[in-house]
Amino acid sequence: MEGYEERLFEFLGKDHQGVPTAVELARFRRRQILRIALRDVLGVATLTDVTGELSSLADAMLDVACARIRAELVAAHGEPRLPDGSLCGFSVISLGNSADRS
């Protein structure tokens, strides 16, 4: 299931700049989880669909937040570089959590 990044941008508003707040991300997440849960309960989606959508939702939220955070850091401090001067990559490892903190 694609389109979560576009849905997040639409939710935030086309003029939204900077990193989304935790509250904005939580509200978006809750709306999407409700939509996904309804599809599951009504039997419109298979288990594969539901788990795929949950994974895609998490990926999109993480991608948008990380891209915005990186852009702000680059704007403030410049592009990160390795000691030899080459550009440095950026990685995020996400395993989820056991408690809902939203």
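Here the structure is a predicted model, which is why all the values come from computation and not from measurement.

Asks: Sorry if this is basic, but what is going on with the pattern of salt bridges here?
Replies: Pairing of side chains with opposite charge becomes possible as their charged atoms draw close. With the rule as written, the count across this model stands at three salt bridges. Where R35 meets E53, a salt bridge forms, and the shortest distance between an N and an O atom there is 2.9 Å. Of this pair, R35 sits in helix α2 (residues 22–41) while E53 sits in helix α3 (residues 47–77), and the two are 18 residues apart along the sequence. Between R39 and E53 there is a salt bridge, with the nearest N and O atoms lying 2.2 Å from each other. Here E53 lies in helix α3 and R39 lies in helix α2, a separation of 14 residues in the sequence. Looking at E53, the relative accessible area reads 2%, which means it is buried. Because the salt bridges share partners, they merge into one network encompassing R35, R39 and E53.

Conventions we followed
Residues numbered from 1 in each chain as written. Predicted model: local features only at pLDDT ≥ 70, side-chain atom pairs only at ≥ 80, totals over all residues. Heavy atoms only, no water. Salt bridge = Lys/Arg side-chain N within 4 Å of Asp/Glu carboxyl O. Helix = DSSP H or I, 4+ residues; strand = E, 2+ residues; numbered from the N terminus. Buried < 20%, exposed > 50% of the residue type's maximum accessible area, 1.4 Å probe, protein only.

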